[in-house]
Amino acid sequence: MTKKVHIKTWGCQMNAYDSGRMADVLKALGYTSSEEAEDADLVIFNTCHIREKAAQKLFSELGRLRPLQEAKAAKGERMIVAVAGCVAQAEGKEIQRRAPYVDIVLGPQTYHLLPEMIAKVARENGGVLNTDFPPEPKFDYLPEPSACATSAFVAVQEGCDKFCTYCVVPYTRGAEYSRPPEAIIKEALALTANGAKEITLLGQNVNAYHGESSTGEIWTLARLIEKLADLPGLLRLRMMTSHPRDMGEDLIAAFRDIPKMMPYLHLPVQSGSNVILDAMNRKHTRDDYKRLIDRLRAVRPDLALSSDFIVGFPGETDKDFGDTMKLVREVGFAQSYSFKYSRRPGTPAASMKNQIPEKTKDNRLHELQALLRDQQMGFNQGMVGKTVPVLFDDNGSRKTQVFGRTPWMQPVYVATTAGEHAAFSGMEMNVKIAEATLNNMKGSLV
Ligand code: 5AD
Ligand code: SF4
């Protein structure tokens, strides 16, 4: 009998990747994925704790799920409810207390134990909490990914030892761990054999990668990229998320020497003020960041940059915020994410004295986002009239257009008829851009 699992995911690419891997583990147990929570035999909420309201969101989702679980119980059937991800890691006990009908609470390092936990729930009818950091890395126990997509993700490292003073990741995801290069190459090979044309190497600190091979050698990310670039069928390589401190010379050179390395880099700077960068424990200055960008652009002049920004970090003055605005103007970003500082319990910044009023954060975010939007718009509009290579996705259900991305991550739509879709899937084709808005572009094949 097949069983249904419904997985809802919040947060970063790493969480999306983890959800995919959980689905893979469960497939081996006879679970098929379902878009609907209703009638599912297993519901997993894969949560994110990076900013506020994560726990509130989770509890309101759980509240909505409860009647469905009860309806199933009334029919004599069981709906197992699991909470995974970083909220589970940080607030496992609280979840069990406030929502005792949650059967399984599992942290990001224990997904490979999911089958065991499900069996235990089925046997004992009690709740299971597993938020350990087990010594055996979960990656060794997860099956190879089964999903076949044009654009695939491979986690190469996880966790973080940087301890930026605002961030929960070092606490919820644990210490930095790099997978052995052989395991990554094997996974990437399986993905390309399944039709993947683009691989994004994932990690909270992807460029801190230092995997140990079976012969005891330590591989850098640049070496791994060089190796992966040889994979037959692979057209594009990307990485996410990088830290300015770990951008080594060899990785910069990879942007120059490896044509499959896409000219797009997500390199969060967080703030343009040295005072704030220091208080954030970022261990780089605004000038370090700018020099790094200069070196990258020297070897790859068409490199598009993206960043994360936090406004309203404790103690941020108008001058500090002005320094961030100035840095944005000086560097120029193709795309960015910006957030109001959010107090995360247990992090050093949460107990800093000079917290910034919400209103000030709102105003600063508004101002920063207007500038970032202008830059993004300018970047996209600069493509109008140009012919660029677009890698088309598996355009499943859309009827009148196909979707793909430029080397710089911009979404591009090309008008088609439904019958033509298969001819586009997984193909890289030249498209002349006719129109560009903030969030997408339209064009036609040349
Ligand atoms: N408040 C606001 N933004 C945060 N981020 C991480 N922690 C916080 C926080 N406490 C942002 C950072 C990071 C991105 C993933 O989330 O900009 O790069
Ligand atoms: Fe968080 Fe800083 Fe680590 Fe990024 S580098 S995950 S912001 S602690």
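Refer to the structure printed above.
These numbers were taken from a predicted model, which means no experiment stands behind them.

K.L.:
Describe the nonpolar core, with residues and values.
P.N.:
General note: in soluble globular proteins, nonpolar side chains tend to be found buried as a group. In this structure, Leu201, Leu221, Met239 and Met247 are the most contacted members of the largest nonpolar core, which totals 51 residues. Sequence-distant contacts of leucine 221, defined by excluding residues within four places in its chain, comprise Val156, Leu201, Val206, Asn207, Tyr209, Met239 and Leu251. With 22 residues, the next largest nonpolar core counts Val43, Leu62, Val87 and Tyr101 among its residues.

K.L.:
I'd love a proper account of the sheet that holds strand E7 (residues 151-155), names of residues and values included.
P.N.:
Across the sheet, 3 strands lie side by side as E7-E10-E13; this open sheet has parallel pairing. Each edge of the open sheet carries a strand with a single partner, namely E7 and strand E13 (236-240). Here the average twist between neighbouring strands, direction ignored, is 25°. Two elements, E7 and strand E10 (residues 198-202), share 5 bridges in a ladder whose sense is parallel. Paired with alanine 152 across the strands is isoleucine 199, a residue of E10. Docked against the sheet, helix H6 (residues 181-193) engages E7 and E10, running at close to 165° with respect to E7.

K.L.:
An account of the pattern of salt bridges is requested, with residue identities and associated values reported.
P.N.:
Applying the stated rule across the entire model yields 31 salt bridges. Its salt-bridge partner being aspartate 41, residue lysine 72 comes within 3.3 Å of it at the nearest N-O pair. One end of the pair, lysine 72, is in helix H2 (residues 54-74); the other, aspartate 41, is in the loop between strand E2 (31-33) and strand E3 (42-47), with 31 residues separating them in the sequence. Of the two residues examined, lysine 72 and aspartate 41, each falls in the buried class. For glutamate 198, the salt bridge is made with arginine 236, and the minimal N-O distance between the two is 3.9 Å. In this pair, glutamate 198 is assigned in strand E10 and arginine 236 in strand E13, connecting sequence segments 38 residues apart.

K.L.:
A description of the pairing of strand E21 (residues 441-445) should follow, citing residues and the corresponding values.
P.N.:
Two strands pair when backbone bridges link them, and strand E19 (residues 411-415) and E21 are joined in this way by 3 bridges, in the parallel orientation. When the bridges of E21 are listed, valine 412 appears paired with methionine 441. Across 5 bridges, strand E20 (residues 428-436) lies against E21 in antiparallel orientation. Each residue of the ladder has a partner; that of glutamate 435, found in E21, is lysine 442. Counted between consecutive antiparallel strands, the loop separating E20 from E21 contains 4 residues.

Calculation notes
Numbers given for residues are sequential positions, taken from 1 along each chain in its written order. For this description, chains carry letters from A and ligands carry numbers from 1, given in the order in which they are written. Local features in this predicted model are restricted to residues whose pLDDT is 70 or higher, and side-chain atom pairs enter the listing and the counts only when it is 80 or higher, whereas totals over whole chains, interfaces and linings include all residues. Computation of side-chain values covers all heavy atoms of the structure but excludes hydrogens and water. Each nonpolar core is a collection of buried residues, namely Ala, Val, Leu, Ile, Met, Phe, Trp, Tyr and Cys, held together in the definition by side-chain atoms within 4.5 Å. For each residue, the accessible area found with a 1.4 Å probe, counting protein chains only, is set against the maximum for its type, and the residue is called buried under 20%, exposed over 50%, and partly exposed in between. In what follows, residue pairs with any heavy atoms lying within 4.5 Å of each other are defined as contacts. DSSP calls a pair of strands paired once it identifies at least 2 bridges connecting them. Elements are defined by DSSP. Helices are runs of H or I of four residues or more, strands are runs of E of two residues or more, and each kind is numbered from the N terminus. For helices, the fitted axis covers only the stretch in contact; all axes are lines through C-alpha atoms, and the angles between them, taken along N-to-C directions, range from 0 to 180 degrees. Here, a salt bridge means any side-chain nitrogen of Lys or Arg that lies within 4 Å of a carboxyl oxygen of Asp or Glu.

By themselves, these figures tell us nothing about what the structure is for.
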